[in-house]
Amino acid sequence: VLFVRGDPVPLGEPQLAIVGSRNPTSGGQRNAADFAQRLAECGLVITSGLAVGIDAAAHRGALASGGTTVAVTGSGPDRVYPARHRGLADEIAARGALISEFPPGAPPRPENFPRRNRIISGLTLGTLVVEAALRSGSLITARLAAEQGREVFAIPGSIHNPLSHGCHALLRQGAKLVESARDILEELGPL
């Protein structure tokens, strides 16, 4: 069962997950917002997890373009986590959807977030990892996407930035290197 706050229609439309660090660089946040904005302008629904950092930047980028975004939460659909994203959650519900497999009233718990990640990857045609450390929930989402037969994309970064190491590991494992939104659209076009 999925609980939905907002419009369920976007759940049936082509989606791309954008995930990454909760403590990104300013460049990482800009990349997430820019990619989300451009891809939403091209008709993709941008899906992420409403977390601080890359997730929030992706949601905001999609909204800035007038596009649609879906937030998959690790709590009940009525419990916004983190609380500072209440306004963002309201915007998402008005122009997209907040979804959760957890019933109303369910609090955010650490064990809920890996479960949430499988829904993020399962709803989408592919997952773009913007910045991620080697031990990251974003890499869990990417692994789940690959296991579910979805595309995995990664943005490379500096070898000196620990937040690039997770993306580089994905690239070594066969993820598609991404430098522009066009790279993603070319891969997803046939799908």
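Everything here concerns the structure above.
Residues numbered from 1 in each chain as written. Predicted model: local features only at pLDDT ≥ 70, side-chain atom pairs only at ≥ 80, totals over all residues. Heavy atoms only, no water.

Participant: It is not clear to me how the sheet that holds strand 4 (residues 69–72) should be interpreted in this structure. Could you clarify?
Facilitator: Pairing between the strands of a sheet is mediated by backbone hydrogen bonds and can be parallel or antiparallel. Ordered in space as 1-5-4-3-2-6-7-8, the eight strands form an open sheet in which the pairing is mixed. On the outer flanks of this sheet lie strand 1 (3–6) and strand 8 (176–177), each paired with one strand and no other. One ladder, built from four bridges, connects strand 2 (residues 15–19) with strand 6 (residues 126–129); its direction is parallel. Across the sheet, the residue bridging to Val19 is Val129, located in strand 6. Sheet strands touched by helix 1 (residues 26–41): strand 2, strand 3 (45–48) and strand 6. Its angle to strand 2, the strand with the most contacts, is close to 175 degrees. (Pairing = 2+ DSSP bridges. Helix = DSSP H or I, 4+ residues; strand = E, 2+ residues; numbered from the N terminus. Contact = heavy atoms within 4.5 Å. Axes fitted to C-alpha atoms, helices over the stretch in contact; angles between N-to-C directions.)

Participant: Mind showing me how you'd approach the pattern of salt bridges here?
Facilitator: Think of it this way: side chains of opposite charge can pair up when their charged atoms draw near. All told, the structure shown has five salt bridges when counted by the stated rule. Of the charged contacts in the structure, one is a salt bridge between Glu147 and Arg143, with a shortest N-O distance of 3.0 Å. Here the residue Glu147 and the residue Arg143 both occupy positions in helix 5 (residues 137–147), the gap between them amounting to four residues, near one helical turn. The class of Arg143 is partly exposed, set by a relative accessible area of 44%. It is possible to trace a salt-bridge network through shared partners that takes in Glu101, Arg115 and Arg118. (Salt bridge = Lys/Arg side-chain N within 4 Å of Asp/Glu carboxyl O. Buried < 20%, exposed > 50% of the residue type's maximum accessible area, 1.4 Å probe, protein only.)

Participant: It is not clear to me how the environment of Gly96 should be interpreted in this structure. Could you clarify?
Facilitator: Tracing the chain through its elements places Gly96 in the loop between helix 3 (86–95) and strand 5 (97–100). A relative accessible area of 0% places Gly96 in the buried class. Along the primary structure Gly96 and Val72 are separated by 24 residues, whereas in three dimensions their C-alpha atoms are 11 Å apart. Excluding residues within four positions of it along the chain, Gly96 makes contact with Arg5, Gly6, Asp7, Pro10, Thr68 and Thr69.

Participant: I keep staring at the nonpolar core and nothing clicks. Help me out?
Facilitator: Soluble, globular proteins show a tendency: their nonpolar side chains are buried together. Leu16, Ile18, Leu39, Ile46, Leu128 and Ile184 are the most contacted members of the largest nonpolar core, which totals 21 residues. Secondary-structure elements contributing two or more residues to this core are strand 2, helix 1, helix 2 (54–64) and helix 7 (181–188). Here this core gets five residues from one element, more than from any other, and that element is helix 1. Setting aside its immediate chain neighbours within four residues, Leu16 contacts Leu39, Leu44, Val45, Ile46, Thr47, Thr124, Gly126, Thr127, Leu128, Phe153, Ile184 and Leu188. Counting residues in hydrophobic clusters, the runner-up holds 19 residues, among them Ala17, Val45, Val70 and Val72. (Core = buried A, V, L, I, M, F, W, Y, C linked by side-chain atoms within 4.5 Å.)

Participant: Just to check I follow, could you spell out helix 6 (residues 162–172) for this structure?
Facilitator: Quick reminder: α-helices carry 3.6 residues per turn. Residues three or four places apart thus point the same way. Among the residues of helix 6, those classed as buried are Leu163, Ser164, Gly166, Cys167, His168, Ala169 and Leu170. Those residues of helix 6 that are buried are in contact with strand 6, helix 5 and strand 7 (151–154). Looking one or two places after helix 6, you find Gly174, whose phi comes out positive at around 110 degrees.

Shape is all these values report; function is a separate question.
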